[in-house]
Structure formats: C-alpha cells, structure tokens
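A look at the structure
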Amino acid sequence: MCLLVPIKRNLKKISPVRHLIYLISSLLLTGQVAAQSAASPADPIKPGISAGSPKGNAKITGYAVDSTLTKAVEFANVALYETSTGKLVDGTVANEKGKFSLTRIAPGTYRLLISFLGYNTRTVDNIILTVGQTKDIGVVRLSTSTRTLNEVTVAGKKALVEDKVDRLVYNADSDLAAKGGDATDILKKVPMLSVDLLGNVTLQGSSSVRVLINNKPSSILAGNLADALRQIPADLIKTVEVITSPSAKYDSEGSGGIINIITKKNTLQGLHLDVDSGLGNRNATLGLNGSFRKGNLGVNLNGNGRVIYNPSASDLNQTTFLAAGAAPVRTNQHIKAFDKGVFAQYALGLDYDLAKNQSLTAGVRLGIRNLTMDQHQTTTLLSGERLSLPSKRDVNSQNLSNSIDVNVDYLHTYPSTANRGKKEFSLSSQYSQNKLTNNFDANQLDTLGLISSRQKNLNDATNQEFILQSDYQMPLSQRVQLEFGGKNTLRQVTSLYQYLLASPTSAFDPDENRPSGSLHYDQNIAAAYLSTTFTTRNKLAIMTGLRYEYTSIQAWTGGSKAGGQEPISIPNYGRLLPSINLAKKIRENATLKLAYTRRIRRPFIDDLNPNFNTVNPLNIRLGNPYLKPETVDRIEVGYSTQLKKTYLNFTLYTRLNTDDIQSISQRSDTLVGAVVTRVTNLGKEYNYGSNVFATVNLTPRWSVNANLDVMYRFIQGLALDVNGLSTQISNQGFRWGGRIDTQLQLDKDWAVQANIGYRGKDINLQGYRIGFAQYSLGARKDFSNKRGSLGLAAENFLTRGMGFTSVLTSAQFNQDFRQYIYNASVRATFSYKIGSLNGAKVKMNKSLGDEN
C-alpha cells in the first residue's frame, strides 16, 4: 500500500522536480495506492486511507533524521497502520525540518512506517495510544540506501548547484576536490564567479562584490579580499549563494552583486563534534566543529587552522618614456619568492528560544592571518646606452590581521492570519574590528652580496564598524507582502605609516625621502528601505523596492583631530537606489525573470590607504582617500527550464558603471624606471554579457555541470601623456570563460569528482591579462557507519605550476609582467563525526543569521 498525502502547506515549497521524485519514491518504496473510498465533503479523506478509519483525539509526533544525525530528512513519507488489522489509518509528510505530526487518532496499538527516496524504510512498532494522549516518539533515524529497481539504481544525492527565486546556490558539501582547501577553492567552481591565480574574485566580470558570512558583513573581509578568503577553510563552508540583483533589504555596497557564504551549523539537540583535516604538499588543515543543544539553548563552537607554503617567481620587463627627446629607461627584473602563512578562525554561537515565537542569537568570530613572503629581487637598468650592474635586494614582507565580530540578534514572529503569511520583526546589532599590519624589511646588497643599506616600512591600519538594524515584514493580503526597515553603519578607518632607513651597522632613523603620516577616515551610513512583493493570479511575481542611503564623511591626515591636522574635504552624499524583480512561470517547468537594480561601491580600506608601498621599487602602489563612490545600473534577463534530465539557466545582462573605481599607472617622477599605480575614479565602464549554466543528470548516480560566460567590456578614463598632461583613453574587448564539473557516485560508498575551467583574456583601461586554465580531481570513501570519510584531492597536478602575463601600455611606459604560480597540489583529507545524539530533536525556530 502506498501513502500519497497532498499536504499543501509542505508541498508548495517543493520544486516540480522534487515533487515528482517524492511521488515516485512513495510508489516504489511503499507499494500501490489503495482504492479511495467515498467520503463526505465535511471530512475529506487522504488517498489510500479507508473512510471507515476510526477517529479520536490522540496525537503522534516525531522527527525524521538522517542516520548521521547532521540533517533532517525533508518531506519523508509517514504512514500509520493498525497493528491488529494491518489497515492504513492515517498518514502525512514531514516538513522541511523533518518534523511530522498525526492528529485525531483513536485509542489503540499502531505501527509507523517512515520512508523516503534514497533511504531504507524504518518501522516503529507497538505504539500504544490512550484517549487524548500525545505520543512523542522522538527522532527516527533513516539510513541511506541504494536500491536497484528494474535495472535502474536510485540513490539519494544533493544537487551541486540549485537555482532559487532570487539567487543561485552552490552546495559546497558536495564538492570533493575542495576538501582541505580554502574559500577560493570553492568560489572558483561557482557559476558566474571567476577566481584568478592570485585569488581575486569577480562576479560576471566585476571585481566589486559584497561578500557576506551567514548574511552578515565581517571584519575578516576588510582589506585585501583575496587574502581574507584564504583565511576561510573550505571544510567550514556549507553553501555559497550568488545574488546578482539583490532586493532593497540588502546594503547597496557591491556594485557587481553579493556573495553570501553560509557556514556549517548543527541544529540537532545533544552533543556533537566534527573533525576535518587535510595534509598536502602546499598546505595542511585542521578543523573542529562542535555543538551542544538542550531544550531552548543551543551552542555552536568551531575552530579551524591552516598552514600554507608555496614558492613563486616573476619576470618584469618595463620601459619608461621620459619627456620628449629624452632616452627611454629599460628595466628587467627577476624575483624568486616563497610564501608562508598561518590562518586561523574561531567562532562561538549561542541561540536561545525566549518563547515559542521569540528567539535571541549571539555570536563571536575571531580571525587571525599571519602571511609572510620572502623575495629575492635582481634588477638591471638600461638608460640610453648605459647598462647598470645587477642590483640585488632581499625583502621580507608581513601581511598580518587580527579581527573580531560580535553580534546580538532578536527575532519575533507572529501567528499567521487566515490566508496570509507570517509577520516578523527583527533587531540586529554587530560590532567588528580588524587590525591590519603590512610591513616590510628590505636589505640592499652590493656586488659581493653584502648588505649596503637597510629599509623598513611600517604600516598599521584599523577598521572598526558598528551596525544597528531593524526589519519588519507583514502580509497585506494573501498575494501582497510588505517589508521595511532601517539601518545605521558607523565606520572608522585609521592608517599609520612610516619609512625608516639605516646603514648595515646603524640604528633605523626616519627616511626623509619617503612620505610618513596617518589617515583618519570616519564614515556614517544611514539607510531606510521599503519593499513589496506581489503575486498575480496568472503567476507573475513582482518585487519592487526603494532604498535610500545617506553617507557622511569626516577625514583628516596627520596625528589627531585635536592636534589640528589637515582635514580632507570630502562632500557628504545621498543615493536613492531603486530595484525591481519580475518572475513569470511560463510553463510548469520554465521561468522567465527580469530585474533592474542600482547599487554603489564605496572604497575599501586598501583603496583609501595613502601608504607609499615600495615592496617592489619598480612597481609602487598607493591608495587615494579622495575617492568618490562608484554607481552601477544593471539590467538582467533570465530564463530557466527543466528538460527531462537537464536543468538549463540562461542570463543576459548589461551594466553601466559611473565614477568607475579602477587602478591607473604612470611613471614615477622621483624613482628612475619605476611605475606608480594609484586607485582613482576613472570615468565610465559599459559591460554586456551572458551566462549559460546547465546540469545534466546522465544517470541517478552521474551528473555533469557546465558553465559558459561571455562579456564585452568598454572602459574609458583619463591618463597622462609623455609630458604629464591628462588625456582621455579607452579600451574594449571580449572576455569569456567556462568550466565543466562532473560527479559520480560509485558502489561501496565511493564518490569521485573532476573539474576543468578556462578563463580567457581580460582587459583593463591600459592593457590586458592573458587567459589561464585550472583543473582538479577528487575522490572520497565514506565509512560504513556514515560518520566519517577519507579523501584525496589534487589540483593542477600535471605540471609544476602555471604562469600568466599582464601587459600594460601607455604614453609614459610599457610593461610586461609574467608571474609563475607553483600551485600543483595533492592532499589527503579525513573527516569524522564524534558523539552520540540519542533522543535528539531538531530545533525548529529560525534565528537571525540563519540561512533563508
């Protein structure tokens, strides 16, 4: 006998494909549907349940949980049979948290059957009910299975990529090759994202992305984003959400869109501990993720550490052109380098249910980054016909970071009214601080290899942020929902920098030829938003929003404001930011989307920092505290459909950037043969692109994911000519890239995954960077008790490493820079779940900061 229960409250959340799987699994695992008997309209019966089934006021509740006790079994089938007659008397479907409830049960003795696709059917016998009794059977563990039905193997497996209404979700849990790596190893496989060999992330060609951790900003991500992402271990990441057209509720920052990294968090009662480790030729990792939950209190604690060690090299060929008639200066430089890094991250989370509809959550997250690089630089300079002797320089640079995030959140939900959804009020607060150190020590060597002079650059920066936010959502009718809220963000950035100089034997003294000083930059952002969601009768969903942000800035250079140091005149500004998202279901399995958003990019701390960084004296970098915000208008059209075993998503977009924040390079006026790169508001940038993503389930065990993106870019701005006068320049061209990822489930709990991707030529205002390819292979063997696994992952293993070239051309200089990344890596991984959760229950209430 098969139980098919049309519970609209639950099934409306299931996609058509998952709904079909649910129906088929019920048919295959439980049997044929019993004939439906006649019933009166006042007491409708469920298919397969006899109309003569006795009714009472007893109740049975429980939870369906995966045998590993790390997740609920969503939408499991629950059937109740009378023991004496074997007759099916009632049934239901578990909700998305695994909870099920059977009501109006008559006194008697019963047998409960729980089943779902990919799991062995579980039976609970001898359930005795008395009049009015509520029987809680607790957690029922379902073990995974692989069953052969008519020569077809059906196995439970989570999709690697999911397409939701407003975002694309990459399930990092299913990524075998990234185990033991960091966040960049995950991100480079996410559709629409691209990660270069240095760890820089772009979203549909834009490097201006807003990265969140569990829906919140984090001070870990302040400063250099590429370095910060290396601090987050891949084993800690549950999913990555890509949001290209955020609603008005989200901050406007991140002109390219939002990347939301969701970390793993256990929601079961009891004591639990996960251990993840990895060891390879390029890194080693160790992570502990523990949780304890009892009653209304839940505690999550995790700690992760990573060590990296990686050699690299580079060649620089550069020609600088002086004023008209002067001979050009040609320089050649070769660098050998070795990176060593220690990364650690610790997090403590608490949540407490104040009442049935109220919850309080709090968390503390600590981050540590200790990255050092040893460089050996050899430089030759040719001025006119005069060739200098090779100059040698040894440099040790330090990139250090200590960050903390503290948050307290409150959530109050209100009971649903007839034909309407829930009302919800939330209040959130967060304090963040990140202390950054970017120092270097350099020794200039003579022809005998002895130290001739010493140089030191000290640069300490601090980024502090305090956020207070309130949100309220309420249904106006069955089809209309209103959401509004306010937020205030206070940021304080300081940067202290100084150059010191010494002979081989003397003490360090201030270097009078290098700038020293400080920057103090205070920014306050007050924001309010209003958003409405409306669904028409012909299945057109309309989400409109309006957000206003007012930014006030106070900045000054020198020691302190009280000391009367020189102020920086930066005007305050307000921005009105509209958004609209339309979604139309044109067929049962096809959806068409249209979106428009306006967003802004405020400068990061690295963009503002005026420190004159001469780690490489031929390639100098400094920030610009006078930067204005960049404004981006974006239009996107998307189409998604399910064609038998293939899911297809196609997107077209256009993006206009005004006051574009980019880097511009020019020759140095003080250092012969050197090029200085500054961050500035260039002008305008136009982007037109498309993205195609497809998932093909070749068999229930074998899936293939493919992604292709093409973009045309036109960029325009001001640069200096050979005489130092401003002139307008532009550049344009196509950029394309793609990747293919395949996963295969094998017998005896084995799984393998392979990935290959290519990123084509990328342009900027003054030049381009050539393309490169990356690939990986991973395998995993799960233990028979489902509590642990062993794995092996390899990346770019066919060669020692790879190189890529950047070319810059202007009226003042030509530069050809080739960098060699020795990133061939192989690592072994180990994971295990410790602790028994007997009698555990799934926590149902949602808390702020949890995944939507």
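Scope of this entry: the structure provided in the associated data block. (Residues numbered from 1 in each chain as written. Predicted model: local features only at pLDDT ≥ 70, side-chain atom pairs only at ≥ 80, totals over all residues. Heavy atoms only, no water.)

**Focus: the sheet that holds strand β3 (residues 88–93)**
As a general point, the strands of a sheet are linked pairwise by backbone hydrogen bonds and lie either parallel or antiparallel. Pairing is antiparallel in the open sheet, where four strands are placed in the order β3-β2-β5-β6. Each edge of the sheet is formed by a strand with only one pairing partner; in this case those strands are β3 and β6 (122–129). Direction aside, the axes of adjacent strands within the sheet are offset by 20 degrees on average. The pairing of strand β2 (residues 77–82) with β3 spans five bridges and is antiparallel. By the bridge assignment, A79 is partnered in β3 with G91. (Pairing = 2+ DSSP bridges. Helix = DSSP H or I, 4+ residues; strand = E, 2+ residues; numbered from the N terminus. Axes fitted to C-alpha atoms, helices over the stretch in contact; angles between N-to-C directions.)

**Things to note about the pattern of salt bridges**
Within the structure shown, the criterion is met by 24 salt bridges. For K340, the salt bridge goes to D374, with nearest N and O atoms at 3.9 Å. You can see K340 sitting in strand β20 (residues 329–355) and its partner D374 sitting in strand β21 (residues 358–383), a full 34 residues away along the chain. On the accessibility criterion, K340 (40% relative accessible area) is partly exposed. Between E685 and R713 there is a salt bridge, with its nearest N and O atoms 3.0 Å apart. With E685 in strand β38 (residues 683–699) and R713 in strand β39 (residues 702–720), the pair connects residues that are 28 residues apart, well separated along the chain. Each member of the pair, E685 as well as R713, is classed as buried. If you follow the salt bridges from partner to partner, you end up with R210, D251, E253, E465, K487, R491, R547, E549 and R602 in one network. (Salt bridge = Lys/Arg side-chain N within 4 Å of Asp/Glu carboxyl O. Buried < 20%, exposed > 50% of the residue type's maximum accessible area, 1.4 Å probe, protein only.)

**Remarks on the sheet that holds strand β11 (residues 168–171)**
On the basis of which strands lie adjacent, the open sheet formed by five strands has the order β10-β11-β15-β16-β14 and mixed pairing. Looking at the sheet topology across the chains shown, the edges are occupied by β10 (161–163) and β14 (209–213). For this sheet, the mean inter-axis angle between neighbouring strands, taken without regard to orientation, is 20 degrees. Inspection of the sheet shows β10 paired to β11 by three bridges, in the antiparallel sense. For V161, the partnering residue across the bridge sits in β11 and is Y170.

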